[in-house]
Amino acid sequence: MDFKNKVVLITGASSGIGRESATAFAKLGADIILVSRTKEKLEQVADELKKFNVTTLVCQCDVSKKDQVKEMSRIVLEKFNSVDILVNNAGFAIYGSVSDLSIDDIESQMETNYFGMVYCTKYFLPSMLDKKSGHIVNVASVAASFGLPGIAPYCASKFAMLGFSEGLKHELKNSGVGITVVSPIMVRTNFFEHPSFEKMPKFSPTSLSSKTVAKAILRAANSQRLEIIVPSLVRAAVWMKNTFPYFINPILGMAFKKQPGSAKKD
Ligand SMILES: NC(=O)c1ccc[n+]([C@@H]2O[C@H](COP(=O)([O-])OP(=O)(O)OC[C@H]3O[C@@H](n4cnc5c(N)ncnc54)[C@H](OP(=O)(O)O)[C@@H]3O)[C@@H](O)[C@H]2O)c1
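Calculation rules
Residues numbered from 1 in each chain as written. Predicted model: local features only at pLDDT ≥ 70, side-chain atom pairs only at ≥ 80, totals over all residues. Helix = DSSP H or I, 4+ residues; strand = E, 2+ residues; numbered from the N terminus. Rg over C-alpha atoms; globule rule 2.2 N^0.38 Å. Buried ≥ 20, exposed ≤ 12 C-beta atoms within 10 Å, placed from the backbone. Contact = placed C-beta atoms within 7 Å. Core = buried A, V, L, I, M, F, W, Y, C linked by C-beta atoms within 7 Å. Near = placed C-beta within 6 Å. Nonpolar A, V, L, I, M, F, W, Y, C, P; charged D, E, K, R; others polar.

Q: Can you walk me through the overall build of the chain in this structure?
A: Of regular secondary structure, the chain possesses 8 helices and 7 strands. In summary, the chain has a C-alpha radius of gyration of 18 Å against a globular reference of 18 Å for 266 residues, a match within 12%. With the principal axes as the frame, the chain shows a C-alpha extent of 50 × 40 × 35 Å. For the chain, buried positions account for 42% of its 266 residues. Pairs at least 24 apart in sequence give 71% of the contacts found in the chain among residues at least 6 apart.

Q: I would appreciate a short explanation of the environment of L208 in the present structure.
A: For L208, the location among the structural elements is in the loop between strand 6 (177-184) and helix 6 (210-220). A residue is classified by how many C-beta atoms lie within 10 Å of it, and L208, with 19 of them, is partly exposed. For the pair L208 and V187, spaced 21 residues apart in the sequence, the C-alpha separation amounts to 4.5 Å. Setting aside residues no more than four positions away along its own chain, L208 makes contact with P184, I185, M186, V187, V213 and V230.

Q: Even after reading the chapter, I still don't get the nonpolar core, so can you show me in this structure?
A: Within soluble globular proteins, side chains that are nonpolar generally end up buried alongside one another. With 68 residues, the main nonpolar core has L9, I32, L34, V182 and I217 as its most contacted residues. In terms of residues, this core owes the most to one element, helix 4 (residues 103-131), which gives 8 residues.

Q: What exactly am I supposed to notice about the site of the ligand here?
A: Around the ligand, the surrounding shell holds 30 residues, and the nearest of these are G12, G16, R37, T38 and G91. Contributing elements (two or more residues each) for the shell around the ligand: helix 1 (16-27) and helix 4. Broken down by class, the residue content of the shell around the ligand amounts to 10 nonpolar, 17 polar and 3 charged.

Don't take any of this as a statement about function, it's just geometry.
Shown next, in the form of structure tokens:
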């Protein structure tokens with residue numbers, strides 16, 4: 001796909017996968033709307049993108065707040081009329097067992113990772129449907145296919161994202177608008193800087209660079225597929241788990257069971 005002069009909106013663009021994706025799209029000549037809660041970091045990213053001679057717009061917005069997403073979409077649509085590619089990437093996890101995490105901890109992950117994606121989709125999809133073109137890329141995780149100990153609420157938010165995307169994909173048939181989920185394994189980003197991850201080993205030797213995931217996001221923006229798992233080999237593990245859950249789930253449970261870091265109770 002030719003991304004030149006396409007309008008790409010990326011949530012969570014201030015860091016990690018979102019930031020790398022912004023660079024990857026800008027290199028190909030796309031105009032970039034950078035969205036996150038931290039204006040200063042977004043302005044730094046926008047500065048870095050200047051060398052590609054593309055238009056950028058910095059939007060400070062907490063995607064878990066629907067009023068903020070509504071206002072952000074108003075500003076964006078006023079300037080660009082519509083977005084061609086919406087990358088719902090903002091997200092985070094709090095590590096801890098369900099019995100240790102507070103209800104607020106659990107709700108906050110769903111609010112950002114799932115509802116943040118829903119709000120952005122609701123506010124930008126109508127302009128895509130009007131134009132009969134566009135693509136939504138939802139950044140989930142392999143945690144959308146495996147319920148893992150220590151990150152159960154995070155897994156729930158990503159399962160929800162995948163289910164929503166699958167249903168919406170059917171609804172969008174023949175509309176000209178596409179939707180694809182990108183599901184990576186562990187990626188070396190600030191994601192693990194959350195204090196709850198203190199007791200976890202930081203990165204596994206098989207973890208990915210955010211550049212690898214950004215490439216998958218670029219592919220996803222022009223894909224007919226529902227889900228792109230990164231690396232693709234992990235698709236076999238998802239198939240195994242869905243086909244032989246009674247065999248695979250106990251192994252996964254043992255492999256991932258670590259002492260979750262202490263988290264406050266309600
Ligand atoms: N790292 C991994 O191992 C991994 C693996 C699979 C999937 N993922 C997914 O990849 C996505 C990006 O994560 P990352 O690894 O790049 O982590 P990261 O470096 O921590 O980046 C997270 C981004 O999300 C933004 N964000 C968080 N909460 C937000 C909110 N309420 N509203 C707006 N923006 C918000 C952050 O910006 P501000 O703080 O400025 O708001 C930041 O730009 C997430 O959805 C994550 O679940 C990560």
